Every structure is written in C-alpha cells, then in structure tokens.
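The primary structure of each chain is shown beneath.
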Amino acid sequence: MTANDRRVSLYAANRLYVNARLDADGRLHIEGQDLSRGEYEYMLSVKPDEIPLVVTALGGADGDDVLDLLAANGTEIVHFGEMRWLKSLGVEPGFSSYR
C-alpha cells in the first residue's frame, strides 16, 4: 500500500463526510463532502513541513502517524471546523471547493 492509498475517516454523520489522506509527496489532505445543502465538496491541504504541528497539537510525538491521530480526534476537529483548527495551529492550509 502506498501513502496515497490510505484514507481515514474523521467524521461521518448528518450527511457530512470528512476523510484525510497523505499523497505521494507527503502532503496531508482533509477532504469533506457535505450533502445536507446539495452537494458541496472541499479540500484542505497541509504542506509536509507543517504536519509536525498537526501531530504535536493532537498529542503525538515525532514519528507518530498523523492519520491515526486525526482519525482519533476527528469529531472534535470537525465540530471546531477543520480550517479554523488548522489556522489555530499556525498552519495556513490550501483550500479548494466546488458544488
């Protein structure tokens, strides 16, 4: 299995589905699909050198799996707002969306 084959669920309720994955370049992607207001999809991306900020914020240490940590804390992150949570860590994620 390569890095971009693995995907974890952060949240799946109320017609909102949020997953996270790492791509082949080591970039973290948080992808959401909100079906409560039609079909709205969005993606946040985090540069590889900022992933340690995410790991530390989730109580992890160097070498811990960011996807496992995100999955374990997904509900809290989604309820806070993924973009707002990342920005609170000092991460400026890339963002794209479409309907």
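Here the structure is shown first, and the text comes after it.
An account of the accompanying structure is given in this report. (Residues numbered from 1 in each chain as written. Predicted model: local features only at pLDDT ≥ 70, side-chain atom pairs only at ≥ 80, totals over all residues. Heavy atoms only, no water.)

**Digging into the layout of surface pockets**
At step 1: By volume, the largest pocket is sized at about 160 Å³.
At step 2: Lining the largest pocket, in full, are L16, D34, R37, Y40, Y42, L44, E82, M83 and F95.
At step 3: Secondary-structure elements contributing two or more residues to the lining of the largest pocket are strand 4 (40-46) and helix 4 (82-88).
At step 4: Residue contributions to the lining of the largest pocket peak at 3 residues, all from strand 4.
At step 5: Tallied by class, residues from the lining of the largest pocket come to 6 nonpolar, no polar and 3 charged. (1 Å grid on protein atoms, 1.4 Å probe; cavity = no way out; pocket = protein on both sides within 12 Å on 5 of 7 lines; lining within 4 Å. Points joined across faces, edges and corners; volume = space filled by probe spheres on them. Helix = DSSP H or I, 4+ residues; strand = E, 2+ residues; numbered from the N terminus. Nonpolar A, V, L, I, M, F, W, Y, C, P; charged D, E, K, R; others polar.)

**Section: unusual backbone geometry**
At step 1: Residues other than glycine seldom take positive phi values, yet N14 does so here, at roughly 50°.
At step 2: Its location among the elements puts N14 in the loop between strand 1 (7-13) and strand 2 (16-22).
At step 3: The phi dihedral of R15 is positive, around 65°, even though this residue is not glycine.

**Things to note about the nonpolar core**
At step 1: Counting residues in hydrophobic clusters, the biggest one holds 26 residues, and the most contacted among them are L10, V18, A20, L28, V66, L70 and L86.
At step 2: Elements supplying a minimum of two residues to this core: strand 1, strand 2, strand 3 (28-34), strand 4, helix 1 (51-57), helix 2 (66-72), helix 3 (74-80) and helix 4.
At step 3: With residues up to four places along the chain from it excluded, the contact list for L10 reads V18, N19, A20, I30, L70, G74, T75 and V78. (Core = buried A, V, L, I, M, F, W, Y, C linked by side-chain atoms within 4.5 Å. Buried < 20%, exposed > 50% of the residue type's maximum accessible area, 1.4 Å probe, protein only. Contact = heavy atoms within 4.5 Å.)

**What to know about the environment of R15**
At step 1: Secondary-structure assignment places R15 in the loop between strand 1 and strand 2.
At step 2: Remark: the alpha-carbon pair of R15 and L35, spanning 20 residues in sequence, is separated by 5.2 Å.
At step 3: When neighbours within four sequence positions are excluded, R15 is seen to be in contact with Q33, D34, L35 and S36.
At step 4: Here L35 takes part through its backbone oxygen, which lies 2.7 Å from a polar atom of the side chain of R15. (Polar contact = N/O pair within 3.5 Å; in protein donor to acceptor, adjacent residues only side chain to side chain.)

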